[in-house]
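Each chain, letter by letter, is given below.
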Amino acid sequence: MDINNLISHYGYAALVIGSMAEGETITLLGGVVAHQGLLKFPLVVISVALGGMIGDQLLYLLGRRFGGRLLKRFSRHQARIRKAQRLIKSRPYLFVIGTRFMYGFRVIGPLLIGASGLPPKIFLPLNILGALIWALLFTTLGYLGGEAIGPWLHHLDKHLKHLIWLALAVALVIAVRWWMKHREAKKPQE
């Protein structure tokens with residue numbers, strides 16, 4: 001069984017599972033694979049949106065159940081946590097949708113939202129909307145990236161050889177600079 005056949009058979013399930021844990025990279029790769037014609041673009045968007053939504057929903061529920069105890073452990077960050085919770089109360093729409101796009105907030109964001117007491121009837125529709133926007137944006141970026149790297153992937157062997165030579169050249173330059181720097185440092189001060 002070749003890789004293309006595996007992707008065609010299990011790709012959507014892999015996207016759902018992968019986007020629950022780590023979103024952007026999986027979503028971008030899903031877009032590239034859709035560009036290659038192995039998966040259908042709309043189904044890639046739905047798969048990664050579903051995975052992202054499920055992952056955030058689980059984290060939100062953990063935050064509702066255990067959030068207070070979990071957040072108390074971050075004593076150094078209590079001021080930031082209170083500020084985020086005030087923002088959640090005043091602008092829940094912005095925070096729930098925006099959390100998905102804030103680097104470093106992918107896991108802690110839904111936990112904070114759950115711990116803030118935001119009702120599920122508000123969180124769930126916002127989570128679905130945010131997941132769809134996020135999935136469409138990153139899948140589209142991956143699809144457009146597939147346009148650029150698609151031809152390159154077909155000639156990977158040739159490019160791999162060039163990349164290895166480039167990496168060796170960069171490593172050599174770094175090694176020579178390091179050696180010269182340490183040689184200068186060892187010279188006696190006059």
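Computed from a predicted model, the values in this text were never measured in an experiment.

Enquirer: Honestly, a positive patch on the surface in this entry has me stumped. Any pointers?
Expert: Residues Arg65, Arg69, Lys72 and Arg73 make up a contiguous surface patch of positive charge. The exposure class of Arg73 is exposed, given its relative accessible area of 70%.

Enquirer: Just to check I follow, could you spell out the pattern of salt bridges for this structure?
Expert: As a working rule, side chains carrying opposite charge can pair if their charged atoms are close by. Taken as a whole, this structure holds 1 salt bridge when the rule is applied. Of the charged contacts, one joins Asp56 and Arg100 as a salt bridge, the two residues approaching to 3.0 Å between their closest N and O atoms. In this pair, Asp56 is assigned in helix H3 (residues 41-72) and Arg100 in the loop between helix H5 (92-99) and helix H6 (108-115), connecting sequence segments 44 residues apart. The exposure classification of Asp56 matches that of Arg100, with both residues buried.

Enquirer: Sorry, what's going on with the environment of Phe101 here?
Expert: Topologically, Phe101 is positioned in the loop between H5 and H6. Residue class for Phe101 comes out partly exposed when judged on its relative accessible area of 36%. Considering only alpha carbons, one finds Phe101 and Gly130, 29 residues apart in sequence, at a separation of 9.1 Å. Apart from the residues within four sequence positions on either side, Phe101 is in contact with Ile133, Trp134, Leu137 and Phe138.

Enquirer: Teacher, can you tell me more about the packing of aromatic side chains here?
Expert: For any pair of aromatic rings, the description rests on two quantities: the centre-to-centre distance and the angle between the ring planes. In the structure shown here, the tally under the stated rule is 4 aromatic pairs. Residues Tyr60 and Phe123 carry aromatic rings whose centres are separated by 4.0 Å and whose planes lie at 5° to one another, so their mutual orientation is stacked. Pair noted here: Tyr60 is in helix H3 and Phe123 is in helix H7 (residues 120-154), with a separation of 63 residues, a long-range link. Overall, Tyr60 belongs to the buried group, its relative accessible area being 0%. Pairing Phe101 with Phe138 gives two aromatic rings, centres 6.5 Å apart and planes at 20°, and the pair type is stacked. Of this pair, Phe101 sits in the loop between H5 and H6 while Phe138 sits in helix H7; the two residues are 37 residues apart in sequence, bridging distant segments of the chain. Residue classification places Phe138 among the buried positions, given a relative accessible area of 16%. Each residue in the set Phe101, Trp134 and Phe138 is aromatic and connected to the rest through ring pairs, giving one cluster. Of note, Arg100 hangs over the ring of Trp134, and the distance from its end group to the ring centre comes to 5.6 Å.

Enquirer: Sorry if this is basic, but what is going on with the side chain of Ser116 here?
Expert: Assignment of secondary structure puts Ser116 in the loop between H6 and H7. Its relative accessible area of 9% is what places Ser116 among the buried residues. Engagement of the side chain of Ser116 in a polar contact is seen with the backbone nitrogen of Leu118, the distance being 3.4 Å. Every residue in contact with Ser116, bar those within four places of it in the chain, is listed here: Gln85, Ile88 and Lys89.

Enquirer: Help me understand H6, please; the structure alone is not making it clear to me.
Expert: Think of an α-helix as turning once every 3.6 residues; residues three or four places apart then point the same way. Burial within H6 is extensive, with 6 of its 8 residues counted as buried. Every buried residue of H6 is accounted for by Gly109, Pro110, Leu111, Leu112, Ile113 and Gly114. Phi for Gly117, located one or two positions after H6, is positive at around 90°.

Criteria and thresholds
- Residues numbered from 1 in each chain as written.
- Predicted model: local features only at pLDDT ≥ 70, side-chain atom pairs only at ≥ 80, totals over all residues.
- Heavy atoms only, no water.
- Patch = residues over 30% accessible without salt bridge, like charges linked within 9 Å, V, L, I, M, F, W, Y side chains within 5 Å.
- Areas by Shrake-Rupley, 256 points an atom, 1.4 Å probe, with all protein chains shown as cover.
- Salt bridge = Lys/Arg side-chain N within 4 Å of Asp/Glu carboxyl O.
- Lys, Arg positive; Asp, Glu negative; His and termini not counted.
- Charge placed at Lys NZ, Arg CZ, Asp CG, Glu CD.
- Buried < 20%, exposed > 50% of the residue type's maximum accessible area, 1.4 Å probe, protein only.
- Helix = DSSP H or I, 4+ residues; strand = E, 2+ residues; numbered from the N terminus.
- Contact = heavy atoms within 4.5 Å.
- Phe/Tyr/Trp six-rings, centres within 6.5 Å; stacked < 30°, edge-to-face > 60°.
- Lys NZ or Arg CZ within 6 Å of the ring centre and 35° of its normal.
- Polar contact = N/O pair within 3.5 Å; in protein donor to acceptor, adjacent residues only side chain to side chain.

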